[in-house]
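Residue-level structure breakdown
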Amino acid sequence: MNERLKVFDQFYKETGIEQRHLVHAKGYWHEVFHCWIIEKVDSEWRIYLQLRSKNKKDYPNQFDITAAGHILATETIEDGIRELEEEVGVKVMFSQLTSLGVIPYSIDNEKIKDYEFANVFVYELTGGLEKFSIQREELDGIYSANLKQFILLANHKIKEIEVSGYKYENDIRHYEVKQIGLEQMSALPESYLHEFIPRLEKILIEAT
């Protein structure tokens, strides 16, 4: 698919339109949509992580943002909400999301030059894991973690956290509880997490 993306300079000023494969090959700044799903369970917040498909070109079998995707050149940020329904089967209106603003970050290595302006949102879910219906081409599973533990992990206060959820193996859904560390979240650079965590904490404090 020949997707085209708007490209920007480092100050978030639009400079043109390029094909997606060139955007990542050349390291052009571009826009993405991120939505983290959280849920309050027994007075404790939990955060949902997708398990990327083992067949993905980038970051296979890694834990990542609940739902995320590129904003095409013909789209607005609001159109990014399609990622929630496409990837995890959660259908909501854009007005139901809480914005955390834009987080610029980059991943630059021998495999990819990914320079992104991430438009980050949060959605509060009710209903648990059974509310999800994952896109099998993109995801192998969906898990949740205690948010306090997730924050401690992101801040290097602990080395592992417990996640619970399910993944598909040979078209069979397997529920499990397991321990993961930051090495299983390589799609999320520290610079991004260090911006995301305090913004999330702020909105949760304001909501109480």
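Cut-off values and rules
- Residues numbered from 1 in each chain as written.
- Predicted model: local features only at pLDDT ≥ 70, side-chain atom pairs only at ≥ 80, totals over all residues.
- Heavy atoms only, no water.
- Helix = DSSP H or I, 4+ residues; strand = E, 2+ residues; numbered from the N terminus.
- Rg over C-alpha atoms; globule rule 2.2 N^0.38 Å.
- Buried < 20%, exposed > 50% of the residue type's maximum accessible area, 1.4 Å probe, protein only.
- Contact = heavy atoms within 4.5 Å.
- Areas by Shrake-Rupley, 256 points an atom, 1.4 Å probe, with all protein chains shown as cover.
- Lys, Arg positive; Asp, Glu negative; His and termini not counted.
- Charge placed at Lys NZ, Arg CZ, Asp CG, Glu CD.
- Salt bridge = Lys/Arg side-chain N within 4 Å of Asp/Glu carboxyl O.
- Phe/Tyr/Trp six-rings, centres within 6.5 Å; stacked < 30°, edge-to-face > 60°.

**Description of the overall build of the chain**
- Of regular secondary structure, the chain possesses 4 helices and 11 strands.
- In summary, the chain has a C-alpha radius of gyration of 17 Å against a globular reference of 17 Å for 208 residues, a match within 12%.
- On the principal axes, the C-alpha backbone points of the chain span a range of 50 × 45 × 35 Å.
- Here the chain holds 208 residues, and 48% of them are scored as buried.
- Pairs at least 24 residues apart make up 60% of the contacts formed inside the chain by residues separated by at least 6 positions.
- As displayed, the chain offers around 10900 Å² of accessible surface, 47% of which is attributable to carbon and sulfur atoms.
- Each charge sign in the chain was given a centre, from 25 positive and 36 negative side chains, and these centres are 2 Å apart.

**Some details on the pattern of salt bridges**
- For the structure shown, the criterion picks out 12 salt bridges.
- Between arginine 52 and aspartate 64 there is a salt bridge, with the nearest N and O atoms lying 3.0 Å from each other. With arginine 52 in strand 4 (residues 44–52) and aspartate 64 in strand 5 (residues 63–64), this pair connects stretches of sequence that are 12 residues apart. For the pair arginine 52 and aspartate 64, one class covers both residues: buried.
- Among the ionic pairs, arginine 82 bridges to glutamate 83, the shortest N-O distance being 2.4 Å.
- For glutamate 83, a relative accessible area of 7% translates into the label buried.

**Considering the packing of aromatic side chains**
- Applying the stated criterion across every chain, the model contains 15 aromatic pairs.
- Ring geometry for tryptophan 36 against phenylalanine 196: centres 4.5 Å apart, planes inclined by 20 degrees, an arrangement best described as stacked. Here the residue tryptophan 36 occupies a position in strand 3 (residues 29–41), and phenylalanine 196 occupies one in helix 4 (residues 190–207), the gap between them amounting to 160 residues.
- By relative accessible area, phenylalanine 196 is classed as buried at 0%.
- Measuring from ring centre to ring centre gives 5.9 Å for tyrosine 166 and tyrosine 168, while their planes differ by 90 degrees; the resulting arrangement is edge-to-face.
- With relative accessibility at 0%, the residue tyrosine 166 sits in the buried group.

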